[in-house]
Amino acid sequence: MRVNLQGRSLLRIGDFAPAEILHVLDLSERLKREKRAGAEDRRLEGRNIALIFEKSSTRTRCAFEVAAADQGAHTTNIDSSGTHLGAKESMRDTARVLGRLYDGIEYRGHAHRSVQELALHSGVPVWNGLTDEHHPTQALADLMTMREHGSGDLAGVRLAFLGDASNNTAASLVMAAATMGMDVRVAAPRACWPGPSNRAEAEAAAAAAGGRVSVDEGIADAVAGCDFVYTDVWVSLGEPEKIWAERIEQLRPYQVNRSVMAATGNPRTRFLHCLPAFHDLETAVGRDIHERFGLDAMEVTDEVFDSDASIVFDQAENRMHTIKALMIATLTGE
Ligand code: CP
Ligand code: NVA
């Protein structure tokens with residue numbers, strides 16, 4: 001049956017069936033080829049897109065901006081400082097106003113409930129650009145990148161996630177990979193395991209697709225023979241500053257370094273990270289952590305981040321192609 005996503009929102013990966021995710025990935029690849037060939041059609045001419053960012057962003061913001069511009073759409077950037085959002089106007093009323101003016105709305109913020117309110121009351125497609133709980137547009141780019149660096153078929157592909165698996169990026173990644181029938185291995189301390197409902201949903205998706213999801217504290221079994229190793233920051237946007245000490249204590253053993261890459265036993269294992277990454281002392285936060293805890297790097301060493309195994313900048317570029325495909329698919333039905 002032909003997939004048609006017109007009018008649909010993407011708040012979490014489970015909103016899309018496996019065939020719908022594959023449809024977006026296929027369209028992303030087509031759009032990437034078109035752009036490279038300088039032969040892109042402007043499918044979103046005359047459309048207006050609202051971009052709400054209550055948390056900071058480089059990739060997601062720029063990906064939406066460039067994707068919209070490439071396709072002829074106009075964007076408006078909105079945050080809580082220059083608008084009534086949150087302070088004088090509820091998300092429900094904001095949604096009803098924006099829905100009258102815009103064809104689609106991107107939202108990045110804290111509570112997942114906010115993006116649900118937007119989708120419920122705006123009447124237009126809403127795309128979750130990251131909430132505390134989910135980061136589905138990241139997961140689309142992750143799948144696209146793994147397809148590009150593998151055979152193209154994700155079924156059975158082995159993915160290890162090390163680090164804070166309780167967060168938004170991991171929740172969407174594990175669900176997306178499970179939905180594609182991948183062999184997903186999470187290695188994390190118990191305090192950072194995926195939430196029970198996210199885990200149950202991913203296990204069910206994996207069972208339906210012939211894949212597998214395992215969650216354990218051990219690193220060796222998780223990374224053995226794997227095709228991809230993925231990690232994310234140890235403290236996420238919006239989490240309290242005071243949590244750093246505890247997370248460093250918990251997650252230091254899960255740093256992706258040369259010995260973790262060697263423990264895969266697979267010289268072709270690739271390294272993934274949603275970015276931004278703390279891999280050196282070139283950031284204010286990195287230097288502060290170095291002074292307080294003596295770490296030169298956190299979730300990934302500079303050596304691995306800058307190695308031939310690292311495909312993080314392909315991943316970053318693919319944010320744009322997948323977001324473009326998502327907007328086109330949900331706005332036009334292509
Ligand atoms: N990966 C990601 O979402 O990056 P930004 O926070 O820069 O948007
Ligand atoms: N888990 C991270 C992802 C950043 C893209 C965060 O929420 O800060």
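The notes below deal with the structure included here.

Rules of the game
Residues numbered from 1 in each chain as written. Chains lettered and ligands numbered in written order. Predicted model: local features only at pLDDT ≥ 70, side-chain atom pairs only at ≥ 80, totals over all residues. Heavy atoms only, no water. Pairing = 2+ DSSP bridges. Helix = DSSP H or I, 4+ residues; strand = E, 2+ residues; numbered from the N terminus. Axes fitted to C-alpha atoms, helices over the stretch in contact; angles between N-to-C directions. Buried < 20%, exposed > 50% of the residue type's maximum accessible area, 1.4 Å probe, protein only. Core = buried A, V, L, I, M, F, W, Y, C linked by side-chain atoms within 4.5 Å. Contact = heavy atoms within 4.5 Å.

Pairing is parallel in the open sheet, where five strands are placed in the order E7-E6-E5-E8-E9. Of all the strands in the sheet, just strand E7 (212-216) and strand E9 (270-273) have a single pairing partner and so form its edges. Taking each pair of neighbouring strands and ignoring which way they run, the sheet shows an average axis angle of 20 degrees. With five bridges joining them, strand E6 (residues 183-187) and E7 adopt parallel strand pairing. Within the sheet, the bridge partner assigned to Arg-185 lies in E7 and is Ser-214.

Burial along strand E8 (residues 228-231) is two-sided: the residues Phe-228 and Tyr-230 and Val-229 and Thr-231 are all buried. Alignment of strand E5 (residues 158-162) against E8, held across four bridges, turns out to be parallel. Bridged to Ala-160 within E8 is Val-229.

This part is about the nonpolar core. Core analysis: the largest hydrophobic core is formed by 93 residues, its most contacted members being Leu-143, Met-146, Leu-159, Met-182, Val-256 and Met-327. The biggest single contributor to this core is helix H13 (residues 312-332), with nine residues. With sequence-adjacent residues up to four places away left out, Leu-159 is seen in contact with Met-146, Leu-173, Ala-177, Met-182, Asp-183, Val-184, Arg-185, Phe-228 and Tyr-230. Listed in part, the 15 residues of the second largest apolar core include Ala-50, Ile-52, Ile-78 and Ala-95.

Interpretation in functional terms is not warranted from these geometric data alone.
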